[in-house]
Amino acid sequence: MSSQTNIVSDQDLVRKLKAADNDVLELIYQRYAQKLYHAAYNLLRNKEVCEDLIHDLFVDLWLKRETYNINVLKPYLYAAIKSRVLMHLRSSKSIIDISSMEFTDNGRTPEHLYALKEVSQISNHEISNLPHKCREIYKLSRLEQRSHKEIAILKGISTKTVESQITIALKRLRPALKDYMTLIL
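Residues numbered from 1 in each chain as written. Predicted model: local features only at pLDDT ≥ 70, side-chain atom pairs only at ≥ 80, totals over all residues. Heavy atoms only, no water.

**Some details on the overall build of the protein**
What counts here: Starting at the N terminus, helices and strands are each numbered in turn, a helix being any DSSP run of H or I of at least four residues and a strand any DSSP run of E of at least two. Exposure is judged per residue with a 1.4 Å probe applied to protein chains only, and the accessible area is read against the type maximum: over 50% gives exposed, under 20% gives buried, and values in between give partly exposed. Contacts were defined at the residue level, with two residues in contact if any of their heavy atoms lie within 4.5 Å.
Across its full length, the protein holds 10 helices and 0 strands. Each helix and strand of the protein, placed in order from N terminus to C terminus, yields the pattern α-α-α-α-α-α-α-α-α-α. Sorting the 185 residues of the protein into buried and exposed places 39% on the buried side. Contacts in the protein between residues at least 24 apart in sequence constitute 65% of all its contacts with a sequence separation of at least 6.

Below, the structure written as structure tokens:
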């Protein structure tokens, strides 16, 4: 990260963005892309999709800079990536990793925290109702964050079987959690 990235304030970045300064997008990207990627990845656990969402966010930021009313850059960018994640979830029927939810946002209301607790309880209940093999593989993947290959070696099964078992788990979890997706994000 360049020293200029750390010196320029977010207010200056917004002002330069509105003025179509050619270097400002790179500065914003250097400052926020990795953090935004991690926020998206904590929810989706899909590298390629997260990279695409970040790319699209920055392209739109530049192309629509004159129409966006950005007052504070950081909250705007985080809200924008959350919105993109939600749109992706709706369009692709993906599911987020509930275990990572506590790390995504510090400004929750008591109602939000209660709802997250409820989602966690529902998620845990649904996971406990999965068939034994499916539950073990899902936990290794989502809770211990092991790769499909690691799980296959550990369990003595093929990576296709691991993928199949995770797909089964997600298909069972998705309906139970669909009403909470907007609230979580």
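Once you've had a look at it, read on.
**Here's the deal with the environment of Lys 35**
Relative to the elements of secondary structure, Lys 35 occurs in helix H3 (residues 24–44). With relative accessibility at 45%, the residue Lys 35 sits in the partly exposed group. For the pair formed by Lys 35 and Tyr 78, sequence separation is 43 residues and the distance between their alpha carbons is 9.0 Å.

**Comments concerning the pattern of salt bridges**
What counts, and what does not: In the sections that follow, a salt bridge refers to a side-chain nitrogen of Lys or Arg positioned within 4 Å of a carboxyl oxygen of Asp or Glu.
Applying the stated rule across the entire model yields 6 salt bridges. A salt bridge links Arg 15 to Asp 12; the nearest nitrogen and oxygen atoms lie 3.5 Å apart. Here Asp 12 and Arg 15 lie together in helix H2 (residues 10–18), a separation of 3 residues that amounts to about one turn. Its relative accessible area of 30% is what places Asp 12 among the partly exposed residues. The partner of Glu 51 in a salt bridge is Lys 47, and the shortest N-O contact between them spans 3.7 Å. Of this pair, Glu 51 and Lys 47 both sit in helix H4 (residues 47–63), 4 residues apart, which is roughly one turn of the helix.

**Remarks on the packing of aromatic side chains**
The cut-off we apply is this: Whether two aromatic rings pair depends on their centres lying within 6.5 Å, for rings of Phe, Tyr and Trp, where Trp uses its six-membered ring; planes under 30 degrees apart make the pair stacked, over 60 edge-to-face, and the rest tilted. Working rule: Lys NZ or Arg CZ, within 6 Å of ring centre, within 35 degrees of ring normal, means a charge sits over the ring.
In the structure shown here, the tally under the stated rule is 3 aromatic pairs. Judged by centre distance (5.8 Å) and plane angle (20°), the ring pair of Tyr 37 and Tyr 41 falls under stacked. Placement of both Tyr 37 and Tyr 41 in helix H3 is noted, with a separation of 4 residues, approximately one turn of the helix. Taking the relative accessible area as the measure of exposure, Tyr 41 reaches 28% and is therefore partly exposed. On the basis of an interplanar angle of 50° and a centroid distance of 5.6 Å, the ring pair of Tyr 68 and Tyr 76 is categorised as tilted. Sitting over the ring of Trp 62, Arg 65 keeps its end group 3.9 Å from the ring centre.

**Examining the packing of H2 against H3**
The test is simple: Note on method: axes are straight lines fitted to C-alpha atoms, helices fitted across the in-contact stretch only, with angles between N-to-C directions ranging 0 to 180 degrees. Handedness of each helix crossing follows the sense of rotation of the near helix against the far helix: counterclockwise by less than a right angle gives left-handed, clockwise gives right-handed.
Here H2 crosses H3 at 145°, and the two axes come no closer than 9 Å. Along this stretch, H2 crosses H3, giving a crossing that reads as left-handed. In contact with Asp 10, Leu 13, Lys 16 and Leu 17 of H2, H3 contributes Val 24, Leu 27, Ile 28, Arg 31 and Tyr 32.

**Comments concerning unusual backbone geometry**
One non-glycine residue with positive phi stands out, namely Ala 20, at about 60°. Here Ala 20 lies in the loop between H2 and H3. In this model, Arg 45 sits at a positive phi of 55°, which is unusual for a non-glycine residue. The topology assignment puts Arg 45 in the loop between H3 and H4. Arg 45 gets classed as partly exposed once you look at its relative accessible area, which sits at 23%.

**Quick look at the nonpolar core**
Nonpolar side chains in soluble globular proteins tend to be buried together. In plain terms, the rule: In plain words, nonpolar cores are sets of buried Ala, Val, Leu, Ile, Met, Phe, Trp, Tyr and Cys residues tied together by side-chain atoms within 4.5 Å.
Grouped together as the largest cluster of nonpolar side chains are 29 residues, with contacts concentrated most on Ile 28, Leu 36, Leu 73 and Leu 77. Where this core is concerned, the elements lending two or more residues are H2, H3, H4 and helix H5 (73–92). No other element matches H3, which puts 10 residues into this core. Once you skip the residues sitting within four places of it in the chain, Leu 77 turns out to touch Ile 28, Tyr 32, Leu 36, Leu 57 and Leu 61. Core analysis: the second largest hydrophobic core is formed by 15 residues, Val 119, Leu 130, Val 162 and Leu 177 among them.

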